[in-house]
Amino acid sequence: MPKAYVFTRNGGPEVEALIEQDVPVPGPGELLVAVRAAGVNPVDWKLRTGYTRPGSEPQPFPTVFGSEAAGVVEGVGPDVEGFAVGDEVFGNPVTGGYAEYTLLPVAVTAHKPAELSFTDAAVLPVAVATAYDGVRQLGLAPGSTLLITGAGGGVGTAAVQLARHAGVHVIGTASAAKKDFIESLGAVHVESGAGLADRVRAAAPDGIDAVFDLVGGDTLRAVAPLLTDSATLISAGGKPLAVELGGAAVARARTAAVLDEVANLVVTGALRTHATGTFPLAEAGEALRAVESGHARGKIVIEAIA
């Protein structure tokens, strides 16, 4: 039987397990996909601890990890158009991505360009698409200055590149260990931690025009006062706090059209995915630990699954 990496109840790493499960059956508007790669995101371990996405119901246990995946179509459900068995696709699974087989709803599934590897495609639906939605939401003019907190992670890495592609000057906060990496993306690095606001002021003496927050908490509280207009504050790391401070959550589009667009940006060379670490499904726990530690650079991917 095919395998999947799951959490059996809410808790810490002790509730994770590699299990066998039946191949899921695609319903209306769904594709059965043999997974070739799955992206690892902070939301994966947060869901394990009991976090529930706004507007969603808790999933029954065991719950398969993973919110983004790429693979090959092996079955097509009713009312599906534009996809066929054998197509290479990527998108947001409804039955988890850390599995040999999953279901992808066609509304958030795109065809994988031949030039794009499964590993690169697997990091687009959550991390890169979130960055794309956020940068588009801000709509900054060329020459503007954008502060991105947590710039060295999966979303931050993409957000830096997308903003730079739009002609925006970027300051990225990250640990000292990620300085060279942040600067290689075209951003000015500012070390995170105590005294952050003063270091940002020194790096941007003329001020900043917007904040794209990916950290939340004390970091978000420290940088929010740097803005003259809190409406230019958006967050994917501390959404309730951002609203409390006068900003907004990143408005996610979650459409196949956005997936097509970000894939094209990678194919044309405007964006690099920076999948910096890969693990087999049998080592999914180690992949999660790398992300849960908060020290991962770029994106972690579970690959060559099916």
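Notes on the structure follow. Here the structure is a predicted model, which is why all the values come from computation and not from measurement.

This next bit is on the packing of helix α3 (residues 124-138) against helix α4 (residues 154-165). Running from amino to carboxyl end, α3 crosses α4 at an angle of 45°, the nearest separation of the two axes being 8 Å. Classified by the interaxial angle, the pair formed by α3 and α4 is oblique. Along this stretch, α3 crosses α4, giving a crossing that reads as right-handed. For the pair α3 and α4, the contacting residues are Ala 127, Val 128, Thr 130, Ala 131, Tyr 132 and Val 135 in the first and Gly 154, Val 155, Ala 158, Ala 159, Leu 162 and Ala 163 in the second. Across the contact of α3 with α4, the residue classes break down as ten nonpolar, two polar and no charged.

All right, on to the packing of α3 against helix α9 (residues 256-267) then. Where α3 meets α9, the axes come as close as 10 Å, and the angle between the chain directions of the two elements is 95°. Here α3 lies roughly perpendicular to α9, going by the angle between them. When α3 is examined against α9, the residues Leu 124, Pro 125, Val 128, Ala 129, Tyr 132, Asp 133 and Arg 136 are found in contact with a partner set consisting of Val 258, Leu 259, Glu 261, Val 262, Ala 263, Leu 265 and Val 266. Split into classes, the residues belonging to the contact of α3 with α9 amount to eleven nonpolar, no polar and three charged.

A few words on the sheet that holds strand β4 (residues 63-64). If you walk across this open sheet you meet the three strands as β2-β1-β4, and the pairing is antiparallel. Whereas interior strands pair on both sides, the edge strands pair on one side only; in this sheet they are β2 (16-20) and β4. Summarising the sheet, strand β1 (residues 3-7) and β4 pair through two bridges and their orientation is antiparallel. Paired with Val 6 across the bridge in β4 is Val 64.

Ranked by internal contacts, the top residues of the largest apolar core, which has 47 residues, are Phe 90, Leu 124, Leu 146, Ile 148 and Phe 212. Sorting elements by how many residues they give to this core places α3 first, with eight residues.

Moving on, we get to the pairing of strand β12 (residues 210-213). Going residue by residue along β12, you find Ala 210 and Phe 212 tucked away on one face and Val 211 and Asp 213 tucked away on the opposite face as well. Pairing of strand β9 (residues 145-148) with β12 involves three bridges; the strand directions are parallel. Bridging from a neighbouring strand, Leu 146 pairs with Ala 210 of β12. As judged from the three bridges shared by β12 and strand β13 (residues 233-235), these two strands associate in the parallel manner. Bridging across to β13, Val 211 finds its partner in Leu 233. Traced from β12 through helix α7 (residues 217-223) to β13, the parallel crossover comes out right-handed.

This next bit is on the packing of aromatic side chains. For the structure on display, the rule yields four aromatic pairs. For the ring pair Tyr 5 and Phe 65, a centre distance of 5.7 Å and an interplane angle of 25° mean the geometry is stacked. Taken together, the positions of Tyr 5 in strand β1 and Phe 65 in the loop between β4 and β5 (69-76) put the pair 60 residues apart, joining distant regions of the chain. Each of the two residues, Tyr 5 as well as Phe 65, counts as buried. Between Phe 65 and Tyr 98 the ring centres are 5.5 Å apart and the planes differ by 25°, which places this aromatic pair in the stacked class. With Phe 65 in the loop between β4 and β5 and Tyr 98 in the loop between β6 (88-91) and β7 (101-105), this residue pair connects regions lying 33 residues apart in the sequence. Three or more aromatic residues joined by ring pairs make a cluster, and in this case those are Tyr 5, Phe 7, Phe 61, Phe 65 and Tyr 98. Here the guanidinium or amino end of Lys 112 rests over the ring plane of Phe 118, the centre of that ring lying 4.7 Å away.

Estimates place the volume of the second largest pocket at around 200 Å³. Among the secondary structure elements, those contributing two or more residues to the lining of the second largest pocket are α3, α4 and α9. Broken down by class, the residue content of the lining of the second largest pocket amounts to ten nonpolar, two polar and two charged.

With that settled, consider the sheet that holds strand β14 (residues 248-249). Across the sheet, which stays open at both edges, the six strands sit in the order β11-β10-β9-β12-β13-β14 with parallel pairing between neighbours. Here the strands that pair on one side only, and so sit at the sheet edges, are β11 (188-191) and β14. In this fold α3 packs onto β9, β12, β13 and β14, with an angle of close to 160° to the strand it touches most, β12.

Quick notes on the rules
Residues numbered from 1 in each chain as written. Predicted model: local features only at pLDDT ≥ 70, side-chain atom pairs only at ≥ 80, totals over all residues. Heavy atoms only, no water. Axes fitted to C-alpha atoms, helices over the stretch in contact; angles between N-to-C directions. Helix = DSSP H or I, 4+ residues; strand = E, 2+ residues; numbered from the N terminus. Parallel < 35°, antiparallel > 145°, perpendicular 65-115°, else oblique. Left-handed = near helix turned anticlockwise from the far one by under 90°. Contact = heavy atoms within 4.5 Å. Nonpolar A, V, L, I, M, F, W, Y, C, P; charged D, E, K, R; others polar. Pairing = 2+ DSSP bridges. Core = buried A, V, L, I, M, F, W, Y, C linked by side-chain atoms within 4.5 Å. Buried < 20%, exposed > 50% of the residue type's maximum accessible area, 1.4 Å probe, protein only. Right-handed = clockwise from strand over helix to strand, strands pointing away. Phe/Tyr/Trp six-rings, centres within 6.5 Å; stacked < 30°, edge-to-face > 60°. Lys NZ or Arg CZ within 6 Å of the ring centre and 35° of its normal. 1 Å grid on protein atoms, 1.4 Å probe; cavity = no way out; pocket = protein on both sides within 12 Å on 5 of 7 lines; lining within 4 Å. Points joined across faces, edges and corners; volume = space filled by probe spheres on them.

Fair warning: the whole summary comes from geometry, so function is off the table for now.
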